[in-house]
Structure formats: structure tokens, C-alpha cells
Amino acid sequence: MTFFIAALGVLGVASSGPLIAATLGATTVTALAIAFWRNAIGAAVMATPTLLREPSQFGKVTGSEFRWSLLAALALALHFACFITSLQLTSVAAATALVCLQSAWIAVIQLFRGVKHGWPVLAGLGIAFGGVVAITGFDMGASPEALLGDLLAVAGGLLAGSYTLAGGRARQSMTTGTYTTLCYGMCAAFVAVLALFTDQQLSGFEAAGWLGIIAITVCAQLVGHTAFNHLLATMSPLLVSMIILLEIPGAALLAAVFLNETLPAGTYAGLALILVGLAVVVGGQRSGKAGRGKPPTEPALAELGTD
């Protein structure tokens, strides 16, 4: 049963990129519409059980918790704007791998904040960013559009890392339901403002477009992340974090099968470098915490990926 749930979780998050690319390519749905409805529906789903069981939790949110949640929501909104737009410019495989650098960016931000990492983390960062150089190098020769898509995906990964760190501060005393409802709701509001300024529609799409939006929300947001949250109750956080990395080859495989996406051998090598590098970073961070005698902190929903 655990293996089935893990496989379902990987399939859910790995399907995000291909489903978004397919929806954007075959319908009139806009990039920000996907981001808006995904978060608005997610907020409604997460709010329901909290309102039914613990409605008073929303009244207990402090000013500090609200500010960190607001910052996390802004980072999440910009993350979605960058990542979803990148899928219109570069390959699904490249965009997914580059945006999955979230954990690497967190390690880099921690370095600038004075956190000292062991050599495995630093080595993993070097390997992962070597993969970035490989992918962007090949896309630079392919087309300026693909390179722009790569850069947007990298920015999306940095913003996802910022979202995770801000969310971690907010989550220190908030329940999961309260935080995700507040964060997803404010994220949807930020995306709506972005759509207004960029003149992107949020409604008025054909049936196929709405079906795509629902599929993206259900598969990635609800099924994928819910499955990994369930696994945290039965598996170590390290193992769950490693399993999530399968999103990278999973998205590449789904894009190849269903979207007929083919990539140069060098790009696949870059994907492999990012996958290996991130695995080393995740493993190095966990072992580093254990070596210092600190219990490993379990990743919250925000830390399990955003795509």
C-alpha cells in the first residue's frame, strides 16, 4: 500500500508540467488562469475541514504569522507565474528539472544567512548547478526563447525556495489547514492582480480548458502533495524527500510519451546532474542535522514541492 501511495504521489507531481503544457498548447487557457484556479480551489479544499472542525483557528493568527504567510503567498504567486510561463518557452523536462532546484536554493540562501553546510551539500550544489549550465548551454544554442524559459524556471525554483522558508516561519505555530488556506487564498489574490496588469483572462474558456485546469489541480495539488503528506506519517522525511525527486525523470518520461517531446543528449545529461546533485544536497542536509545532534525536521506541505 505504501508503494502504491508513493507511486501515486510521484505520478501526481510529475504530471504537473506535462498537463500544464498540454492545456496551454491546446486551449485558450492562460498561464495565470492555471495559477489562479489551482490556488483558489486548493484554498477552498483546505479551508473546508478547518472551518468545520476548528473555525476559531483563523481568529488566532498573529500579526507575525500573517506577515510571513503574506510573504510566502507572494513568492508562491511569482513562482507559478515564472514556472507556468516557462513551460510555454522551453521543454517540459528542462522546466521541471530547473524549477526543482528549490532545495538547492534553500541551501544557498542558508549559506548567505550564515548556516554552515558540510562538504556533501556543497558538492551536491556544484553538481546540480553544473546540470543547470548544461541545460541552459544547449538551449542557448537552440533558441533565445528556450533560454528565456530556462531562466524563468530557475527563477521559479528560487521563488519556491523563498516560499518554503517564509512558510516555515509562519508554520511554527499555525496548523496546516490554517496556513495553507491563508497562503493559497492570498496567492490566488496576488495572481488575480498580476492577471489584471498583464491582461490575461481568468475565465471564459472552453470546456477542454476547464477540464485541464481541474486535472492539474487534482493531480498535482490534491493527489500528489496529499500522498506525500500521508507518507510522512509512515516514512522518514529523508526517504520522502528522495522519492519526490523522481518528479524530474517522471515529468521527462510523461512529456516524451504524451507530448512527443525529444531532447538533445546533453540536455538529458543536465537533467541527470540536477537529479544526482539534489539527492546529494537533501541527503547531506539531513545527515548534517543528525551529526550535530539535532532531530531532523519534517518538511511541511510547502516543503514538499509546489508544482
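Above this text you will find the structure in question.
Since this is a predicted model, take the numbers as computed values, not measurements.

Enquirer: Just checking my understanding: could you explain the overall build of the protein chain for this structure?
Expert: If you tally the helices and strands in the protein chain, you get 13 helices and zero strands. The linear arrangement of helices and strands in the protein chain, starting from the amino end, is α-α-α-α-α-α-α-α-α-α-α-α-α. Computed over C-alpha atoms, the radius of gyration of the protein chain comes to 18 Å, within 12% of the 19 Å expected from 2.2 N^0.38 for 307 residues, which places it in the range of a compact globule. Seen through its C-alpha atoms, the protein chain measures out along the principal axes to roughly 55 × 55 × 40 Å.

Enquirer: I'm lost on the nonpolar core in this one. Help?
Expert: For soluble globular proteins, the rule of thumb is that nonpolar side chains tend to be buried together. Among the nonpolar cores identified, the biggest contains 67 residues, and Ile84, Leu101, Ile274 and Leu278 are the most heavily contacted of them. Ignoring any residue separated from it by four or fewer positions in sequence, one finds leucine 278 in contact with Cys100, Leu101, Ser103, Ala104, Ala128, Leu245 and Ile248. Grouped together as the second largest cluster of nonpolar side chains are eleven residues, Ala6, Val13, Met235 and Ile243 included.

Enquirer: Explain the packing of aromatic side chains here, please?
Expert: Centre-to-centre distance and the angle between the planes together describe a pair of aromatic rings. Applying the stated rule across the entire model yields four aromatic pairs. With a centroid separation of 5.4 Å and 75° between ring planes, the pair formed by tryptophan 37 and tryptophan 210 is classed as edge-to-face. Here tryptophan 37 is found in helix H3 (residues 31-53), whereas its partner tryptophan 210 is found in helix H10 (residues 207-231), with 173 residues between them in sequence. Residue classification places tryptophan 210 among the partly exposed residues on the basis of a relative accessible area of 27%. An aromatic cluster of at least three residues, connected via ring pairs, comprises Phe36, Trp37, Phe205 and Trp210.

Enquirer: I would appreciate a short explanation of the state of the cysteines in the present structure.
Expert: By definition, a disulfide links the sulfur atoms of two cysteine residues through a covalent bond. Per the counting criterion, the structure on display carries zero disulfides. For the unlinked cysteine cysteine 100, the closest cysteine sulfur is that of cysteine 82, found at 15 Å. Relative accessible area serves as the criterion here: at 14%, cysteine 100 is assigned to the buried category. Lacking any disulfide linkage, cysteine 183 is separated from the closest cysteine sulfur, that of cysteine 187, by 6.4 Å.

Enquirer: Looking at this structure, how should I read helix H1 (residues 2-14)?
Expert: Working note: α-helix, 3.6 residues per turn, so residues spaced by three or four point in the same direction. Taking 1.5 Å of rise per residue, the 13 residues of H1 would be expected to cover 18 Å, and the 18 Å separating its terminal C-alpha atoms lies within 8% of that figure. All of the buried residues along H1 are Ile5, Ala6, Gly9, Val10, Gly12, Val13 and Ala14.

Enquirer: Looking at this model, I keep getting lost on unusual backbone geometry. Mind explaining?
Expert: For residues besides glycine, phi is generally negative; the peptide bonds are generally trans as well. Notably, aspartate 199 is not glycine yet its phi reads approximately 60°, a positive angle. Within the fold, aspartate 199 resides in the loop between helix H9 (176-198) and H10. Take aspartate 199: its relative accessible area is 71%, and that puts it in the exposed class. Even without glycine at this site, asparagine 260 takes up a positive phi of about 55°. Residue placement: asparagine 260 occurs in the loop between helix H12 (247-258) and helix H13 (265-291). For asparagine 260, a relative accessible area of 64% corresponds to the exposed category.

Enquirer: Hey, could you run me through the packing of H3 against helix H4 (residues 63-86) in this one?
Expert: Helices that pack against each other are described as a pair by the angle of their axes relative to one another and the distance between those axes. Following both chains from N to C, one finds H3 and H4 inclined at 135°, their axes separated by 9 Å at the closest point. Classed by the angle they form, the pair H3 and H4 counts as oblique. In the packing of H3 onto H4, the handedness of the crossing is right-handed. Between H3, through Ala31, Leu32, Ile34, Ala35, Arg38 and Asn39, and H4, the contact on the second element is made entirely by Leu76, Phe80, Ala81, Ile84 and Thr85. Class assignment of the residues belonging to the contact of H3 with H4 gives a composition of eight nonpolar, two polar and one charged.

Enquirer: Any chance you could explain the environment of alanine 104 here in plain terms?
Expert: Of note, alanine 104 is situated in helix H6 (residues 102-112). Along the chain, alanine 104 and leucine 278 lie 174 residues apart, while their C-alpha atoms are 6.5 Å from each other. Other than its neighbours up to four places away in sequence, alanine 104 contacts Leu125, Phe129 and Leu278.

Enquirer: So what exactly am I meant to see when it comes to the side chain of glutamate 247 here?
Expert: Looking at where glutamate 247 falls in the secondary structure, it is placed in helix H12. Beyond its immediate stretch of four places on either side in the chain, glutamate 247 contacts Val10, Val13, Ala14, Thr96, Cys100 and Asp307.

Enquirer: Whenever I open this one, H3 confuses me. Can you help?
Expert: Under the 1.5 Å per step criterion, the end-to-end length of H3 is 34 Å for 23 residues, consistent within 8% with the ideal 33 Å. Alanine 47 marks the point of greatest bend in H3, at about 30°, and the proline proline 49 comes within the next four residues. Buried within H3 we find Ala31, Leu32, Ala33, Ile34, Ala35, Phe36, Arg38, Asn39, Gly42, Ala43, Ala47 and Thr50. Looking at the packing, one finds that the buried side of H3 touches helix H2 (16-26), H4, H9 and H10.

Enquirer: Hey, could you run me through the environment of leucine 8 in this one?
Expert: In this structure, leucine 8 sits in helix H1. Judged by its relative accessible area of 33%, leucine 8 is partly exposed. C-alpha of leucine 8 to C-alpha of valine 223: the two residues are 215 residues apart in sequence and 7.5 Å apart in space.

Conventions we followed
- Residues numbered from 1 in each chain as written.
- Predicted model: local features only at pLDDT ≥ 70, side-chain atom pairs only at ≥ 80, totals over all residues.
- Heavy atoms only, no water.
- Helix = DSSP H or I, 4+ residues; strand = E, 2+ residues; numbered from the N terminus.
- Rg over C-alpha atoms; globule rule 2.2 N^0.38 Å.
- Core = buried A, V, L, I, M, F, W, Y, C linked by side-chain atoms within 4.5 Å.
- Buried < 20%, exposed > 50% of the residue type's maximum accessible area, 1.4 Å probe, protein only.
- Contact = heavy atoms within 4.5 Å.
- Phe/Tyr/Trp six-rings, centres within 6.5 Å; stacked < 30°, edge-to-face > 60°.
- Disulfide = S-S within 2.5 Å.
- Expected span 1.5 Å × (residues − 1).
- Axes fitted to C-alpha atoms, helices over the stretch in contact; angles between N-to-C directions.
- Parallel < 35°, antiparallel > 145°, perpendicular 65-115°, else oblique.
- Left-handed = near helix turned anticlockwise from the far one by under 90°.
- Nonpolar A, V, L, I, M, F, W, Y, C, P; charged D, E, K, R; others polar.
- Bend = angle between axes of the 7 residues up to and from the residue.

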